[in-house]
Amino acid sequence: MTKQFNKNIILGISGGIAAYKSANLVRALIKAGANVRVCMTDAATKFITPLTFQALSGNPVHTDLLDSHAEAAMGHIELARWADSIIIAPASADIMARLAHGMANDLLSTLCLATEAPLYLAPAMNRVMWENAATQANLHLLLQRDIQILGPDDGEQACGEIGTGRMLEPDEILARLLHSESEQIKQQPLHGKHVLLTAGPTREAIDPVRYISNRSSGKMGYSIAIAARDLGAKVTVISGPVSISAPQKIDIIKVESAAQMYAATLAAAKYADIFVATAAVSDYSTKEFFSKKIKKSDENFQLVLQQNADILSDTSHQFTDLFTVGFAAETHDLITYARNKLERKKLDMIVANPVGEGKGFDQDTNQLEIIWADGQLSLPEKNKQTLAYELMDIIVEQYFKKQKTHSD
Ligand code: PMT
């Protein structure tokens, strides 16, 4: 069978008689190509043993929030990050209530709170419990948060009653997951594409304790990385030293100097489709590195600097199929300098931003002037994440336009 569902899935199992059906769901998911890790609530382990799921999934089963062994191997935050989707089947009235109210009082509820992955619930409970106003109110809250509810089904229940509350059959759950994923892919124009970014500052060492750098925080670059990821791209960021935290599901390659950023970028560029250079790369580094801390002696001290290679320019000249986007940080004559860089560095697009006097560097907001061969657009001052989403929409449009021109 061809792989249809090449994803990392956490299958959450809560306490309910339908837990036995989840064994078949594990098999169906694996058969469809998924990597499955199972997380069981305490109540679920009373219905079916973790060993069954360990054998079927080929992975240890996660049960305890504070399990020192599990924490060493894969703690709850890593597990939450690892997942491309979390599916809870069966989802009891209790887990629905706890998720609706943001509880994190066991491993499964904590994972749901700590993940950015889509969450699917396949409810299973007695029909009266399902119809209860409290469950329906919780359901309403969960739906408002874009949590996807699969089922429940109608029919005869384990308790002998007839009504709504049966868990969907594993094949039906898988079919709905696949449908939902393919709908999501349609909304992700960069699915299957690789976006490479440089971000943050570089540090050019002078001696073991001193360096030349700048005020870039990495916020602009990381915001664009998030926007590209949300459009479905695989994203790699070659990042200078920053203190902001790494976004989920983005590969970060940490570097310090311009030379290291250069090597890492050129190595990664061959696998990329789009390259966005947001890093504030030092134009110069010291000609000589002092291996011992420089002592204070004369009143004047001269450092000799040499020009660094231009990462953006060399990448765009070497990888002509790559859609390259540069940034231009200017204190004056923004458009003139930016147009000049667009041509000189052989770019598909340049994004100019005013800097200095509290603008651009290390700020939460920015203002962009986007220029490409036959177009220009101004984005007035907004927070960097909002701008990043708007910028990525323009990049996507121009990228596909260029692809189409090449294939015609
Ligand atoms: O990180 P933040 O605090 O959020 O700030 C964001 C920012 C202001 C740093 C960012 O929006 C920005 O403008 N980045 C580019 C800064 C810069 O170095 O601009 P530049 O005009 O000097 O360089 C032009 C382009 O060439 C840039 O894409 C730069 O990444 C690239 N370059 C420059 C020199 C070099 N040796 N290699 C390069 O790749």
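If you're wondering where the values come from, they're calculated on a predicted model, not measured in any experiment.

Novice: Please set out the domain arrangement of the protein chain residue by residue, giving values where relevant.
Specialist: Here the protein chain is described as being made up of domain 1 (8–186) and domain 2 (194–407). When each unit is reduced to the centre of its C-alpha atoms, the spacing between domain 1 and domain 2 is 41 Å.

Novice: Would you mind going over the packing of aromatic side chains in detail, with residue names and values included?
Specialist: The full count for this structure, using the stated rule, is three aromatic pairs. Plain terms: the ring middles of Phe290 and Phe301 are 6.2 Å apart, the flat faces sit at 55 degrees to each other, and that makes the pair tilted. Taken as a pair, Phe290 in the loop between strand 14 (284–286) and strand 15 (305–307) and Phe301 in the loop between strand 14 and strand 15 lie far apart in primary sequence, eleven residues in all. Its relative accessible area of 24% is what places Phe290 among the partly exposed residues. On the basis of an interplanar angle of 90 degrees and a centroid distance of 6.0 Å, the ring pair of Phe323 and Tyr399 is categorised as edge-to-face. With Phe323 in strand 16 (residues 323–330) and Tyr399 in helix 15 (residues 384–407), this pair connects stretches of sequence that are 76 residues apart. There is no split in this pair, since Phe323 and Tyr399 are both buried. One aromatic cluster in this structure is built from Phe323, Tyr399 and Phe400. The cationic tip of Arg37 hangs over the ring face of Trp82; the distance from NZ or CZ to the ring centre is 5.5 Å.

Novice: Residue-level account of the layout of surface pockets, with values.
Specialist: Of the voids in this model, the largest pocket is the one considered here, and its volume is about 1300 Å³. Forming the boundary of the largest pocket are 38 residues, of which Asp84, Glu116, Ala117, Pro118 and Lys249 lie nearest the centre. Among the elements that line the lining of the largest pocket, the one with the most residues is helix 10 (residues 170–186), at three residues. The residue inventory of the lining of the largest pocket, partitioned by class, reads 13 nonpolar, twelve polar and 13 charged. Both domains that furnish three or more residues to the lining of the largest pocket are identified here as domain 1 (8–186) and domain 2 (194–407). Of all the secondary structure elements, the ones that give two or more residues to the lining of the second largest pocket are strand 8 (194–199), helix 11 (219–230), strand 13 (274–277), helix 13 (311–318), strand 16 and helix 14 (334–344).

Calculation rules
- Residues numbered from 1 in each chain as written.
- Predicted model: local features only at pLDDT ≥ 70, side-chain atom pairs only at ≥ 80, totals over all residues.
- Heavy atoms only, no water.
- Domains from an automatic or database assignment.
- Phe/Tyr/Trp six-rings, centres within 6.5 Å; stacked < 30°, edge-to-face > 60°.
- Helix = DSSP H or I, 4+ residues; strand = E, 2+ residues; numbered from the N terminus.
- Buried < 20%, exposed > 50% of the residue type's maximum accessible area, 1.4 Å probe, protein only.
- Lys NZ or Arg CZ within 6 Å of the ring centre and 35° of its normal.
- 1 Å grid on protein atoms, 1.4 Å probe; cavity = no way out; pocket = protein on both sides within 12 Å on 5 of 7 lines; lining within 4 Å.
- Points joined across faces, edges and corners; volume = space filled by probe spheres on them.
- Nonpolar A, V, L, I, M, F, W, Y, C, P; charged D, E, K, R; others polar.

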